[in-house]
Amino acid sequence: DAGITQSPRHKVTETGTPVTLRCHQTENHRYMYWYRQDPGHGLRLIHYSYGVKDTDKGEVSDGYSVSRSKTEDFLLTLESATSSQTSVYFCAISQSGAEGIQYFGAGTRLSVL
Amino acid sequence: GENVEQHPSTLSVQEGDSAVIKCTYSDSASNYFPWYKQELGKRPQLIIDIRSNVGEKKDQRIAVTLNKTAKHFSLHITETQPEDSAVYFCAALDSYNAGNMLTFGGGTRLMVKP
């Protein structure tokens, strides 16, 4: 498996609280992605990064923000968590986005009560 | 943007039989099509991929075919085994933007009965 670490692996929080998920890579890959996975919806892209401080929105970005201050770290923040954001969150990395090969982290299971 | 449809959503086969999963995509400019396997509670893992300049690719018991004209591609698993049971996702690469985003299909849950 590619050197990707997601933290925390599990989190339970309450509606309205801020939450930050971290993705850390040791592969020095340029591209990083955040997905959410829900039953019946497959994997949906939230935000992605194509370099340090270079980020953009994906398909389901409302309610989420990201930051990438270093090549190895990509943070996903839920400013005010809602129950609809209960999901499994996966980070992925890609060395060369044009080649398309993405490697996934182990995921973070988030429950918003 | 790209839209990927995947069928069937569930597939049950007997061990030793073949399984076929089909995907269609909407953007004719997409040029890379990976397949991921996700076992229960695990991360998605790439099992095979194909680029738009190739019509078919094989790797042991799995193969992928691509029909660019019809904008569809398929995963074929022969001689299925219980360990093939998992959820399979197809995807298409949208290389228009800076992030080279993958759009995923909704997934197929494959169950191989011993």
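Before reading further, recall that the structure is shown in the block above.
None of the values given here were measured: they were computed from a predicted structure.

Definitions and cut-offs
Residues numbered from 1 in each chain as written. Chains lettered and ligands numbered in written order. Predicted model: local features only at pLDDT ≥ 70, side-chain atom pairs only at ≥ 80, totals over all residues. Heavy atoms only, no water. Helix = DSSP H or I, 4+ residues; strand = E, 2+ residues; numbered from the N terminus. Rg over C-alpha atoms; globule rule 2.2 N^0.38 Å. Buried < 20%, exposed > 50% of the residue type's maximum accessible area, 1.4 Å probe, protein only. Contact = heavy atoms within 4.5 Å. Areas by Shrake-Rupley, 256 points an atom, 1.4 Å probe, with all protein chains shown as cover. Lys, Arg positive; Asp, Glu negative; His and termini not counted. Charge placed at Lys NZ, Arg CZ, Asp CG, Glu CD. Pairing = 2+ DSSP bridges. Axes fitted to C-alpha atoms, helices over the stretch in contact; angles between N-to-C directions. Disulfide = S-S within 2.5 Å.

Visitor: How should I be thinking about the overall build of chain A in this particular structure?
Guide: A count of helices and strands for chain A gives zero helices and eleven strands. Seen in sequence order, chain A has helices and strands lined up from the N terminus as β-β-β-β-β-β-β-β-β-β-β. Radius of gyration (C-alpha) of chain A: 13 Å, near the 13 Å computed for a compact globule of 113 residues. Seen along its three principal axes, the alpha-carbon backbone of chain A occupies a region of about 40 × 30 × 25 Å. Among the 113 residues that make up chain A, the fraction classed as buried is 49%. For chain A, the proportion of contacts with a sequence separation of at least 24, taken over those separated by at least 6, is 55%. Carbon and sulfur atoms make up 46% of the accessible area of chain A, which amounts to about 5,200 Å² in all. Taken together, the 11 basic and 12 acidic charged side chains of chain A have centroids lying 3 Å from each other.

Visitor: Before we go on, may I ask you to explain the sheet that holds strand E3 (residues 19-25) of chain B in this structure?
Guide: The strands that make up a sheet are held in pairs by hydrogen bonds between backbone atoms, and each pair lies either parallel or antiparallel. Residue and element names in this part refer to chain B. In space, the five strands of this open sheet follow the order E1-E3-E8-E7-E6, with antiparallel pairing throughout. Every interior strand has two partners, whereas the edge strands, strand E1 (4-7) and strand E6 (56-59), have only one. Between one strand axis and the next, the sheet turns through 15 degrees on average, direction left out of account. Pairing of E1 with E3 involves four bridges; the strand directions are antiparallel.

Visitor: Which parts of the structure should I look at to understand the pairing of strand E5 (residues 42-51) of chain A?
Guide: Residues and elements named next belong to chain A. For E5, the tally of buried residues reaches nine of ten residues, placing the bulk of the element in the interior. The turn joining strand E4 (residues 31-38) and E5, which pair antiparallel and follow one another in sequence, is formed by three residues; a positive phi near 85 degrees is taken by Gly40. Taken together, the four bridges between E5 and strand E6 (residues 54-57) define a ladder with antiparallel strand orientation. Residue pairing across strands places His47 opposite Lys57, the latter belonging to E6. Between the end of E5 and the start of E6, which pair antiparallel, lie two residues, with Lys53 showing a positive phi angle near 65 degrees.

Visitor: Before we go on, may I ask you to explain the environment of B:Tyr36 in this structure?
Guide: Along the chain, B:Tyr36 turns up in strand E4 (residues 32-38). Distance from B:Tyr36 to B:Phe104, taken between C-alpha atoms, is 9.6 Å for residues 68 residues apart in sequence. Not counting residues up to four positions away in its chain, the partners in contact with B:Tyr36 are A:Ile101, A:Gln102, A:Phe104, B:Pro44, B:Gln45, B:Leu46, B:Ile47, B:Val87, B:Tyr88, B:Phe89, B:Leu102 and B:Phe104.

Visitor: I keep staring at the state of the cysteines and nothing clicks. Help me out?
Guide: One way to say it: the disulfide is the covalent bond shared by the sulfur atoms of two cysteines. In total, this model carries two disulfides over all chains according to the counting rule given. Residue pairing for A:Cys23: its cysteine sulfur links by disulfide to A:Cys91, the two sulfurs lying 1.9 Å apart. In this structure the cystine formed by A:Cys23 and A:Cys91 twists about its S-S bond by roughly -70 degrees; its chirality is therefore left-handed. Of this pair, A:Cys23 sits in strand E3 (residues 19-25) while A:Cys91 sits in strand E9 (residues 87-94), and the two are 68 residues apart along the sequence. One exposure class covers both A:Cys23 and A:Cys91, and it is buried. Here B:Cys23 pairs with B:Cys90 through a disulfide, and the sulfurs are 1.9 Å apart.

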